[in-house]
Amino acid sequence: MKKLLLPTLLLAALGAKAAPAPADTTATTSPVKADTPPAGASERKWFRPKHLVLQTGGGLGMVAAGAGYEFAKNHLETDILIGYVPKYYAGSTLSLASLKFMYSPFHLPVGEKLQVVPLTVGAYFSYTHGTINDELKGQYSADYYWFSTDTRYGPLLGSRLTFLAPPVAATGQPRKISVYYELGSNDLYLASWFNNQKGGLAFSQLLTLALGVKADF
Amino acid sequence: MLSFTKLYRRARVVPVVALLGLGGCNLIEFSPNDHRVPEEFTNLTEKNLAKLKAKPLAAGDTLRFIFTGDSQQFYDEAEALVASANQQPGISFLVVAGDISDFGLAREMQWVDEKLRRLTVPYVTVIGNHDLVGNGRPTYGHIFGAYNYSFVYGDTKFIMVDTNGREYNFDGTAPDMGWLRPQLANRDGARRQVVISHVPPTNDDFDPALRTPYVRALAEAPNLVFEMNGHNHSFSITQPYKDGVTYVNSDAFSERHYMVVTVWGDKQFRIKRVKF
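Numbering of residues starts from 1 in every chain and runs along the sequence as written. For this description, chains carry letters from A and ligands carry numbers from 1, given in the order in which they are written. Residue-level local features of this predicted model are given only where pLDDT is at least 70; pairs of side-chain atoms are given and counted only at 80 or more, and the full residue set underlies all totals for whole chains, interfaces and linings. Note that the side-chain values use all heavy atoms of the structure and ignore hydrogens as well as water.

The name given to chain B in an unreviewed UniProt entry is Metallophosphoesterase, and the organism recorded there is Hymenobacter mellowenesis.

Looking at an unreviewed UniProt entry, one finds chain A named Outer membrane protein beta-barrel domain-containing protein and attributed to Hymenobacter mellowenesis.

As C-alpha cells, this is what we get:
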C-alpha cells in the first residue's frame, strides 16, 4: 500500500502545484489574433527549449532534470535530461545523460483547464558516468562482453495529464504544466527476456516506472 | 476552504517526502546499476548459511551437494534445474560457482534468486567476473554478501574465494592470498576442505602474477578434496598441474547438466554428472 500511496501523493502534490491559476494575468491579456503569432513569439530563439522536465526513476536517475523541445503541433517531443543516483543506492555516485524521443498522437481536452494525453510512446538513450568497473583500455579483449556497461537504451510507454493556465500577459506565451508516468525497460532486460521464451522471465519483471512533471515556459 | 497559498505551502513538502519514500519502490528504478531490492533479496549468503546450519550433518556422515555454475541469463534453464535438483535425494545444498548475473545488475541477481529459492535445500554462491561488471561488486555485496568467505558443514570446510583477476585489472588483489593462506591453514575443526572460485587458475582471466602462489598454496593445503570452478561452461575433472590437486569445472546452466558431488573420508569423492 505504501508503495502505491507515495507516487499518488507525488502526483497529487504536483497537481496542487500546477492548479493555481493566478487571476491577475488573465484580466489584462490583450487579445491575440489567430492568424498572427503572439507578440513574444518572434523573440523566442529557435534553440530555446519549450519546456522544463523533472522526473524520478525510469533508470534515468533518482532525480533527473532537463529541458525539451516540441515539434509537429506538440505531437513529437525530445527531452534532454541529466540524472543523479546517490552512492547509497548504487555503490558509487552515478550521473546520467539521457535523451528521450516521444510521440503522443492524441491530446484530449477535458474542460478548459485540463488536457489528457492518453498515450505517449517513445524511446530513450542514456549514458552513465561513474560506474565502478568501467572498461579500462586493454582490460578486455574485443567482444569480451558484448554489451556496454554505460550506454543503455529502451522503449517508453506512458500517459500524461496537462493543466492549462492562461497565457503570460506580456508575451502571449501559452503555459501548461503536465504530470506524467512512463513504463519502460532497457536493452539488457529485454535481451534477457528474448533469451528466455519458455516462461523463465515474465515481461512484467522487465518494467521500470518513471514519474515526472513538465512545465512549459 | 483552503486558499491556494495555504494549499501550496502544505503540498510542497509532499514531493520531498514522496521522493524519500521512493527509496522503497523498486519499480521506480533509479538506474539498472542501482541495487535497491526488497529486503528479502539481501544478505542471501548469510540467510542461506543460517538455513544450512539449521539442518546439521552428523559428524562422520557422507556429504552430498550439487555443484553448478554460470546461471547468467539462463532463467528457463534455472527452472528446469531446480525441478531436477529437488528430485535428488540426500542433498545438503547447492553451489553456484559464479556468474550469477550476466551484466552485474541487481535485477538479474534477484531473478536468479527467485528461481533458486524454490530449491528444497539452501544454495551458496561465489562471485564471478560477470557479477563484477559496472557496479556489480557492491550489488553482489548487497544481495549476496562477502566476496571471500568460508563455512564448515559436517566435516568439510568450504572456502569461497574471488579469483576474477581481470575485473580488477590484475592488480594483485584477486585472489586475496593474504586472506586465503590462513583459511587453508586452519580447517576450523573440519576434517577436509574444498576451495570454490569462479575463474580457474588455468584461465587467462586469472591474475598471472598470482597463479603460481595460488596453485602452490592449494598443493600445500592439507586434506584438500579438490578446487572447483565455473567460467568455462564446460564439465571437466583434471589435475592440470600434476601436483595431486584435482580441479573440477562445472557446466553452465545453459549446458543443462549439473554435478552431484559426494565427499567422505580424508579427501575421497565421487562426482555424478546429471542431465536436466
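The structure having been displayed, the exposition proceeds.
Draft legend 1. Representation of helix α4 (residues 187-194) of chain A in the model. Counting buried positions along α4(A) gives 6 out of 8 residues, so the element sits mostly inside the fold. Exposure categories follow from relative accessible area, calculated using a 1.4 Å probe and restricted to protein chains: below 20% of the type maximum is buried, above 50% is exposed, and the middle band is partly exposed. In this text, helices come from DSSP runs of H or I with a minimum length of four residues, and strands from runs of E with a minimum of two, each type numbered from the N-terminal end. Those residues of α4(A) that sit buried are A:Asp187, A:Leu188, A:Tyr189, A:Leu190, A:Ala191 and A:Ser192. On the buried face of α4(A), the contacting elements are β7 (151-165) and β9 (208-216) of chain A together with α4 (75-85) and α5 (106-116) of chain B. Nitrogen and oxygen atoms within 3.5 Å of one another constitute a polar contact, given that in protein one can donate a hydrogen and the other can accept it, and given that sequence-neighbouring residues count only through two side-chain atoms. Of the residues that open α4(A), the one with a side-chain oxygen 2.9 Å from the backbone nitrogen of A:Leu188 is A:Asn186. It only takes one pair of heavy atoms within 4.5 Å for two residues to be counted as in contact.

Draft legend 2. Up close: unusual backbone geometry. Residues and elements named next belong to chain B. Pro175 follows Ala174 through a cis peptide bond whose omega is 0 degrees. Relative to the assigned elements, Pro175 resides in the loop between β5 (156-161) and α7 (177-185). The backbone of Asp99 shows a phi angle near 55 degrees, a positive value even though the residue is not glycine. Tracing the chain through its elements places Asp99 in the loop between β2 (94-96) and α5.

Draft legend 3. Representation of the interface of chain B and chain A. The interface of chain B with chain A comprises 48 residues on the first partner and 55 residues on the second. Two parts placed together each lose some accessible area; with a 1.4 Å probe, that loss summed over both constitutes the buried area. For the pair chain B and chain A, the two sides together bury roughly 4500 Å², of which 61% comes from carbon and sulfur. When the area that chain B buries against chain A is broken down by residue, the three leading residues are B:Phe30, B:Asp76 and B:Trp111, summing to 14%. Put simply, chain B and chain A have 31 residue pairs in polar contact (both at pLDDT 80 or more) between them. Elements with a contribution of two residues or more to the side of chain B that touches chain A: α1 (4-11), α2 (14-21), α4 and α5 of chain B.

Draft legend 4. The sheet that holds strand β4 (residues 149-153) of chain B, seen in detail. Residue and element names in this part refer to chain B. Two strands qualify as a pair provided DSSP detects at least 2 bridges between them. In space, the 6 strands of this open sheet follow the order β4-β5-β6-β7-β9-β8, with mixed pairing throughout. Looking at the sheet topology across the chains shown, the edges are occupied by β4 and β8 (236-238). Each adjacent strand pair in this sheet contributes to an overall mean axis angle of 20 degrees, direction not counted. By the bridge criterion, 5 bridges tie β4 to β5 in an arrangement that is antiparallel. Within β5, the residue paired with Tyr149 across the bridge is Met160. Contacting β4, β5 and β6 (192-197), α7 crosses the sheet at an angle of about 175 degrees to β5. Structural elements are reduced to axes, namely lines fitted to C-alpha atoms, with helices fitted over the stretch in contact, and the angle between N-to-C directions of any two is expressed from 0 to 180 degrees.

Draft legend 5. Seen up close, the sheet that holds strand β10 (residues 257-264) of chain B. Residues and elements named next belong to chain B. Spatial ordering of the open sheet is given by β3-β2-β1-β10-β11, a layout of 5 strands whose pairing is mixed. Edge positions in the open sheet fall to β3 (123-125) and β11 (268-275), since each of these has one partner strand only. Averaged over all pairs of adjacent strands, the angle between strand axes in this sheet comes to 25 degrees, irrespective of strand direction.

Draft legend 6. Representation of the pattern of salt bridges within the structure. For this document, the term salt bridge refers to a Lys or Arg side-chain nitrogen within 4 Å of an Asp or Glu carboxyl oxygen. Counted according to the given criterion, the structure contains 18 salt bridges over all chains. Between A:Arg152 and A:Asp187 there is a salt bridge whose closest N-O contact spans 2.6 Å. On the criterion of sequence distance, the pair formed by A:Arg152 in strand β7 and A:Asp187 in helix α4 is long-range, its members being 35 residues apart. Here B:Arg118 and B:Glu79 are joined by a salt bridge, their closest N and O atoms 4.0 Å apart. Pair noted here: B:Arg118 is in the loop between α5 and β3 and B:Glu79 is in helix α4, with a separation of 39 residues, a long-range link. By relative accessible area, which is 30% here, B:Glu79 ends up partly exposed.

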